[in-house]
Amino acid sequence: MSFVKLESQNQLREAILNSLDLIYFNFPRTLENVVIKPNMCYYWDYSTGQTTDPRFVGALIDAIRSKTSPDVKISIVESDASAMRCKYVFRMLGYEQLAKNHNVRLVNLSEDFLETVQVKAGKQSFKLPVAKTILQADLKINMPKIKYTMDPIKLTCALKNIFGCIPFPRKSRYHPRLGEAIVAANKAMRFDLCVVDGNIVSGIQPRRLGFMMSSRDPVAIDAAAAKIAGLNPRSIKYLQLAQQEGLGTTHYVEKGLPLNCFGKRYPRKNLQKKFMGTAYKVVLRLKLGQKLGLE
Amino acid sequence: MVSVKSVRLGIIGLGYVGQIHLRHGLRLANAEIAAVADISAKALNKAKKAGVKTVFKSYEDLLRNPSIDAVVVALPTHLHLQCATQAAEAKKDIFLEKPIARNVQEASEIVSAARKNSIRLMIGYPLRFNEEFRSLKRKIYDGSLGDVEIAQAAFISSGPFFHRAEGYAPVPVPEWWFNKQLTGGGALIDLGSHVINLLQWYFGEITSIKSCLGYRFNLDFEDSAICVAKFKSGTRAVMNVGWFLQGYQLKVEMHGTVGQATREHKPGSPFKTAVQMLTRGYSDFHKPHFDELQYFADCLTNDTNPSPSGEEGLRDLKAISMAYENEMFPKPERERIE
């Protein structure tokens, strides 16, 4: 796993290539179809730390084409969510402009042809629809963000980003067994490479940490992200399950910058926020949401 | 029109603002929510549970109900003209959410329909009922600021989008918000109408206005605007509005020849808000919304004309229209992504 500092927006491509060199990643010479899955979350743009910066994606596209062929077909994929529509999010977050400038395709997986894949994760069995665009890709690249989130999953990064490829807009149907669903989605759609945009991360508030990391192993990426966010990877259940299911390992070799130089600056969750999150859940459980004007 | 003490109100549209009016309407001293209308069965069920006896899937049916004295119209902007003119023809007094309409032509038609049918028309501008901003009006009137030379107002929020707050799930944005044909514009007409109305109330009519519009989110309409305006009183003001903030800021500053004053409207702490919601049904943050509805009901009971009136809503829209026409940098810089 490589950790590289992002010095400036003008050197993103060099940083990405450097990061990939450190993990000895070479793009296949016969590459035709590449899928890139950035993290998009509601209509919040990159400055919030919630979504992948389209400039970072643009730099990766340039890096791929510089190492393969300018004609390689690249698709940026996302699916609709219960509160987010791709037709608007692609535009609002700058991906439509990116697609125009870099001649890449934007694919709403919720409108793609689907194939059902049966997968097991832990004791749970899932029939997951997988988009043809993903199945037909020669190279699948995951470009997640590092984010704190509510219990039970605590952290979202590489593995959770692939959960976003499930084309159903109402993904809350999986929430009662979210950890297993995340692992199942990753088993159904195995991505080849993770390139994490760590320029701005999301904790209690956004913070510019100015780094990126790369690995072939999404479990290792999530374990490192957990450490950066001040969490013990062992406390994240879906990470343990992902390891058991053979998606990767939480043990990794650090290359490039030392990991602890980022962790100290991560904006960690505070007690007030934790209390508010818990109080909100209690309010909804007590069916007080309407009385409080939250519904 | 209204001779009995208790006013029977109907609410048309139970979206975000309609729900707020419903909550407040059920607590008014001299009015009752006699009926609601919305196309969503879920929203109507919620209203029934909250205590509304009569619900309609179509607002035309509500307007045909002779027992309704007045209506609160909280529909998307493109439906204001049709609904308000039908309500006026049905001789219902109208509380119409801002902006009055999508454009000056539609707003004029609404005002004409209200005049022709001799009904009261009030536009929902809660800032006018905010104690902080009312105190500024008093300061201007009593001369303690002297002549206000320069004013500055900022209303920056997440607009129709949900802002990030940990522990809260984002909510979908209704499709009509993304369509300029249906909204009439973006942040300028949405938030700017509040600010422009407030400042015109303070300083009189805007005589000239220019705008600089922002397109951070690459939509067909502006998501932020800076307006520079000159008022009849001679005061000049800068008004900043935007939908880009994951938070809420509403602030007015005045600099006069004698003194200066700043007023803000802030959301209360979540705990305080929860206690207020449970004990009296509305928070301090939404008290101006409650007060404006109470005032509207009082106007109907006392047979007086409400303000902000339809004419004021039309005047605001004329200023907004002038601001759109006088855009300083008309070509948006949309090439943000290199």
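Residues numbered from 1 in each chain as written. Chains lettered and ligands numbered in written order. Predicted model: local features only at pLDDT ≥ 70, side-chain atom pairs only at ≥ 80, totals over all residues.

**Describing the overall build of chain A**
Note the following rule: The helix count covers DSSP runs of H or I at least four residues long, the strand count covers runs of E at least two residues long, and both are numbered beginning at the N terminus. The exposure scheme places C-beta atoms from the backbone and then counts, for each residue, the other C-beta atoms within 10 Å of its own, assigning buried at 20 or more, exposed at 12 or fewer, and partly exposed in between. Contacts are defined on C-beta atoms placed from the backbone: any two residues whose C-beta positions lie within 7 Å are in contact.
When helices and strands are counted, chain A shows 11 helices and 12 strands. Seen along its three principal axes, the alpha-carbon backbone of chain A occupies a region of about 60 × 45 × 40 Å. Here chain A holds 295 residues, and the buried ones make up 48% of them. Put simply, 74% of the contacts in chain A that link residues at least 6 apart link residues at least 24 apart.

**Quick notes on the overall build of chain B**
Rules: Radius of gyration: over C-alpha atoms. The globule rule applied is 2.2 Å multiplied by the number of residues raised to the 0.38 power.
Scanning chain B from terminus to terminus reveals 12 helices and 12 strands. Over its C-alpha atoms chain B spans a radius of gyration of 20 Å, differing by no more than 12% from the 20 Å that the globule rule assigns to 338 residues. Residues counted as buried form 45% of the 338 residues belonging to chain B. Sequence separation of at least 24 residues holds for 72% of the intrachain contacts in chain B that already meet a minimum separation of 6.

**Notes on the environment of Gly242(B)**
Residues and elements named next belong to chain B. Take Gly242: it is sitting in strand β10 (residues 236-242). The buried category is assigned to Gly242, around which 24 C-beta atoms lie within 10 Å. In this structure, the C-alpha to C-alpha distance between Gly242 and Asp223, residues 19 residues apart in sequence, is 5.7 Å. Non-local contacts of Gly242, meaning those with residues more than four positions away in its chain, are made with Ile156, Ala187, Gly214, Asp223 and Ser224.

**Quick look at the packing of helix α9 (residues 192-203) of chain B against helix α12 (residues 310-325) of chain B**
Residue and element names in this part refer to chain B. We count it as follows: The axes used here are C-alpha line fits, helices contributing only the stretch in contact, and every angle between their N-to-C directions lies in the interval 0 to 180 degrees. Oblique is the label for every angle not falling under 35 degrees (roughly parallel), over 145 degrees (roughly antiparallel), or within 65 to 115 degrees (roughly perpendicular). Handedness of a crossing is defined here by the sense of rotation of the near helix relative to the far one, left-handed for an anticlockwise turn of less than a right angle and right-handed for a clockwise turn. Side-chain classes are defined by residue name, with Ala, Val, Leu, Ile, Met, Phe, Trp, Tyr, Cys and Pro counting as nonpolar, Asp, Glu, Lys and Arg as charged, and the others, Gly among them, as polar.
Running from N to C, α9 and α12 cross one another at 115 degrees; their axes reach a closest spacing of 9 Å. Regarding the angle of α9 to α12, the classification is roughly perpendicular. Judged by the twist between their axes, the crossing of α9 over α12 is right-handed. Across from Gly192, Ser193, Ile196, Asn197 and Gln200 in α9, the residues of α12 making contact are Glu312, Arg315, Asp316, Ala319 and Ile320. Broken down by class, the residue content of the contact of α9 with α12 amounts to 3 nonpolar, 4 polar and 3 charged.

**Remarks on the nonpolar core**
Stated precisely, the cut-off is as follows: By our criterion, buried Ala, Val, Leu, Ile, Met, Phe, Trp, Tyr and Cys residues that link up through C-beta atoms within 7 Å make up a nonpolar core. Domain segmentation is taken from an automatic or database assignment of domains.
Counting residues in hydrophobic clusters, the biggest one holds 189 residues, and the most contacted among them are Leu60(A), Ala185(A), Ile12(B), Val73(B) and Ile94(B). Looking at which element gives the most residues to this core, the answer is helix α8 (residues 218-228) of chain A, with 8 residues. Each of two domains, domain 1 (7-127) and domain 2 (130-290 + 314-325) of chain B, supplies a minimum of three residues to this core. With residues near it in sequence (within four places) discarded, Ile12(B) still touches Ala37(B), Tyr59(B), Leu62(B), Val71(B), Val72(B), Val73(B), Ala74(B), Leu75(B) and Cys83(B).

**Concerning the environment of Glu312(B)**
Residue and element names in this part refer to chain B. As for its placement among the helices and strands, Glu312 is situated in helix α12. Residue classification places Glu312 among the buried positions, given that 21 C-beta atoms sit within 10 Å. Along the backbone, Glu312 and Asn197 are 115 residues apart, and their C-alpha atoms lie at a distance of 7.5 Å. Discounting chain neighbours no more than four positions away, the residues touching Glu312 are Ile123, Asn197 and Ser307.

**Description of the domain arrangement of chain B**
It is common to give the size of an interface as the accessible area that goes away when the parts come together. All names here are of chain B. By the assigned domains, chain B splits into domain 1 (7-127) and domain 2 (130-290 + 314-325). Spacing between the C-alpha centres of domain 1 and domain 2 amounts to 23 Å. Elements supplying a minimum of two residues to the side of domain 1 that touches domain 2: α1 (16-25) and α5 (104-116). It is α5 that contributes the most residues to the side of domain 1 that touches domain 2, 4 residues altogether. Of the residues belonging to the side of domain 1 that touches domain 2, the class tally is 11 nonpolar, 6 polar and 4 charged.

**Describing the packing of helix α7 (residues 178-188) of chain A against helix α9 (residues 237-244) of chain A**
All names here are of chain A. Between α7 and α9, whose axes approach to 9 Å, the crossing angle comes to 40 degrees. Handedness of the α7/α9 crossing: right-handed. Taken together, the residues of α9 that come into contact with α7 (itself represented by Gly179, Glu180, Ile182, Val183 and Asn186) are Lys237, Tyr238, Leu241 and Ala242. Per-class residue counts for the contact of α7 with α9 are 5 nonpolar, 2 polar and 2 charged.

**Overview of the sheet that holds strand β6 (residues 121-124) of chain B**
All names here are of chain B. This is how the line gets drawn: By definition, two strands form a pair when at least two bridges between them are found by DSSP.
One open sheet accounts for 6 strands, arranged β3-β2-β1-β4-β5-β6; its pairing is parallel. The outermost strands of the open sheet, each flanked by one partner alone, are β3 (54-56) and β6. Averaged over all neighbouring strand pairs, the angle between strand axes comes to 25 degrees, with direction disregarded. Taken together, the 3 bridges between strand β2 (residues 31-37) and β3 define a ladder with parallel strand orientation. Among the inter-strand pairings, Val36 is bridged to a residue of β3, identified as Val55. Those strands touched by α1 are β1 (7-12), β2, β4 (70-73) and β5 (93-97), and its axis lies near 160 degrees from that of β1.

**Some remarks on helix α4 (residues 80-89) of chain B**
All names here are of chain B. All of the buried residues in α4 are His80, Leu81, Cys83, Ala84, Ala87 and Ala88. Packed against the buried residues of α4 are β1, α3 (59-64), β4, β5 and α5. Where α4 ends, the next residue or the one after it, Lys91, has phi of about 65 degrees, a positive value.

**Concerning helix α1 (residues 12-22) of chain A**
Helical geometry note: an α-helix holds 3.6 residues per turn, so side chains three or four residues apart project in the same direction. Residues and elements named next belong to chain A. The line we're drawing: Directions are taken from the helix axis to each C-beta atom, and the arc is the one they span.
Along α1, the residues that are buried comprise Leu12, Ala15, Ile16, Ser19 and Leu20. Down the axis of α1, the sector holding all buried residues measures 130 degrees, keeping them to one side. Buried-residue contacts for α1 involve β1 (2-5), α2 (54-67), β10 (193-202) and β11 (206-215). Downstream of α1 by a residue or two, Tyr24 has a phi angle that is positive, lying close to 55 degrees.

**Focus on the sheet that holds strand β9 (residues 224-231) of chain B**
All names here are of chain B. With mixed pairing, the 6 strands of this open sheet are ordered in space as β8-β9-β10-β7-β11-β12. Looking at the sheet topology across the chains shown, the edges are occupied by β8 (206-214) and β12 (260-264). Within the sheet, the average angular offset between the axes of one strand and its neighbour, ignoring direction, is 10 degrees. Here strand β7 (residues 148-156) pairs with strand β11 (residues 249-256) via 8 bridges, running antiparallel. Residue pairing in the sheet places Gln152 in a bridge with Glu253 of β11.

**Some words on the pairing of β10(B)**
Residue and element names in this part refer to chain B. Burial within β10 is extensive, with 5 of its 7 residues counted as buried. Bridge count between β7 and β10: 7 bridges; the pairing is parallel. The residue bridging Ala151 from the neighbouring strand is Ala237, located in β10. Two elements, β9 and β10, share 7 bridges in a ladder whose sense is antiparallel. Across the sheet, Lys230 pairs through a bridge with Arg236, a residue of β10. Hairpin connection from β9 to β10: 4 residues lie between these consecutive antiparallel strands, with Gly234 at a positive phi of about 100 degrees.

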